Amino acid sequence: MAQLIDGKAVAARVRAEVKAETEKLKAERGLVPGLTVVRVGEDPASKIYVTGKKKAAEEVGFNSWEVHPDEKITQDELLSLVDKLNKDPAVHGILVQLPLPKHIDAERIISAVKPEKDVDGFHPVNAGKLSLGKPGPRPCTPFGVMRLLEEVGCNPSGKRAVVVGRSNIVGKPMALMLLAADATVTVCHRKSNLAAEVANADIVVAAVGVPELIKGEWIKPGAVVIDVGMNRMPDGKLKGDVEFAAAKERASFITPVPGGVGPMTIAMLMRNTLEAAKATS
Ligand code: NAD
């Protein structure tokens, strides 16, 4: 029977570390990290995420601002807003909450954020740095997964890791981070034989968006299972991408949904913002 990985507790620890370092930065350099979140329009999920990010930023002692333009904002207007934030020395981190309205090209907006202020780690320059093994802000969700592995004493070096899902924000950066940690990494997608690949894995990371796609019987006994999936069910409850009850019987460690990876994403955003502030001269 697996031990549960308590993402809430680890996230609280990360925030406490960031808070302590922020106090030091204030005392030594008179510098207060600043995070601006841009939320366009009225997407209800975005509103919840942004509220959580603002709350965490305040808790760790950052300056935090929300800019909330109407959903009719034009692409050019949004680009000039990003440009203004790029030039504002009090703003060390800029996060443009996705999704953006359909008439806006999200890739153009992400690319317009100064790479040094891209605390989401989505800018092509930062994606390139991750790919090349250079330091830079890392996408918060996979960055949080790496911290969870560390917390349970799971060193990926020499292990077989299977990442299910290849999105630019979770699957691909996850695979690169595990590779950088010397795992032997397999990335699965719709054309993969999931049962066969998962059965070989010492570490399974599921980031698909399909409830309980990964069956418990596929899990290698003793594997560490990280479930990034957050699927809202008709009854309003959240379910992961892994068949939790059955997987728990075989894994050594497993993340619950909710309370596993979810809280880590915001905590790592705080870490990225602090690092962005520290890097300013
Ligand atoms: P996405 O839709 O961009 O990507 C999903 C990936 O899964 C794609 O690469 C696709 O090829 C693959 N896929 C889809 N169906 C598949 C199947 N049947 N078999 C194999 N592969 C399949 O999603 P995303 O943004 O990467 O998010 C994935 C999940 O993680 C979602 O449930 C999302 O809500 C969740 N998520 C959670 C957090 C968090 O903070 N916990 C953050 C981001 C995303």
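Asks: Tell me about the layout of surface pockets, and name the residues and values.
Replies: Computed from the structure, the largest pocket encloses a volume of approximately 1,300 Å³. Lining the largest pocket we find 44 residues, and of these Tyr49, Thr141, Met230, Gly262 and Thr265 sit closest to its centre. Mapped onto the lining of the largest pocket, the elements with two or more residues apiece are α2 (44-59), β4 (93-96), α6 (140-151), β9 (231-232) and α10 (262-278). Among the elements that line the lining of the largest pocket, the one with the most residues is α2, at six residues.

Asks: Give me the pairing of β4: which residues, what numbers.
Replies: Side chains Gly93 and Leu95 of β4 all project onto a buried face; the interleaved residues Ile94 and Val96 project onto the opposite face, where all are buried too. Here strand β2 (residues 34-38) pairs with β4 via four bridges, running parallel. Residue threonine 36 lies in a different strand from β4, and its bridge partner there is isoleucine 94.

Asks: With reference to specific residues and values, describe the sheet that holds strand β3 (residues 63-67).
Replies: Strand order across the open sheet formed by three strands is β3-β2-β4, with parallel pairing between neighbours. Only two strands of the sheet have a single neighbouring strand rather than two, namely β3 and β4. Pairwise comparison of adjacent strand axes, ignoring direction, gives a mean angle of 15° for this sheet. Where α2 meets the sheet, its contacts fall on β2, β3 and β4, and the angle it forms with β3 comes to roughly 160°. Across the face of the sheet, α10 comes into contact with β2 and β4 while running at roughly 125° to β2.

Asks: Account for the sheet that holds strand β11 (residues 253-254), naming residues and giving values.
Replies: Strands in a sheet are paired, the pairing made by backbone hydrogen bonds, and the direction either parallel or antiparallel. Spatially, β1-β11-β8-β7-β5-β6 is the arrangement adopted by the six strands of the open sheet, whose pairing is parallel. Only two strands of the sheet have a single neighbouring strand rather than two, namely β1 (3-4) and β6 (184-188). Here two bridges tie β1 to β11, and the two strands are oriented parallel to one another. By the bridge assignment for β11, leucine 4 is matched with isoleucine 254.

Analysis parameters
Residues numbered from 1 in each chain as written. Predicted model: local features only at pLDDT ≥ 70, side-chain atom pairs only at ≥ 80, totals over all residues. Heavy atoms only, no water. 1 Å grid on protein atoms, 1.4 Å probe; cavity = no way out; pocket = protein on both sides within 12 Å on 5 of 7 lines; lining within 4 Å. Points joined across faces, edges and corners; volume = space filled by probe spheres on them. Helix = DSSP H or I, 4+ residues; strand = E, 2+ residues; numbered from the N terminus. Buried < 20%, exposed > 50% of the residue type's maximum accessible area, 1.4 Å probe, protein only. Pairing = 2+ DSSP bridges. Axes fitted to C-alpha atoms, helices over the stretch in contact; angles between N-to-C directions. Contact = heavy atoms within 4.5 Å.

Interpretation note: all reported values are geometric properties and have no functional meaning in isolation.
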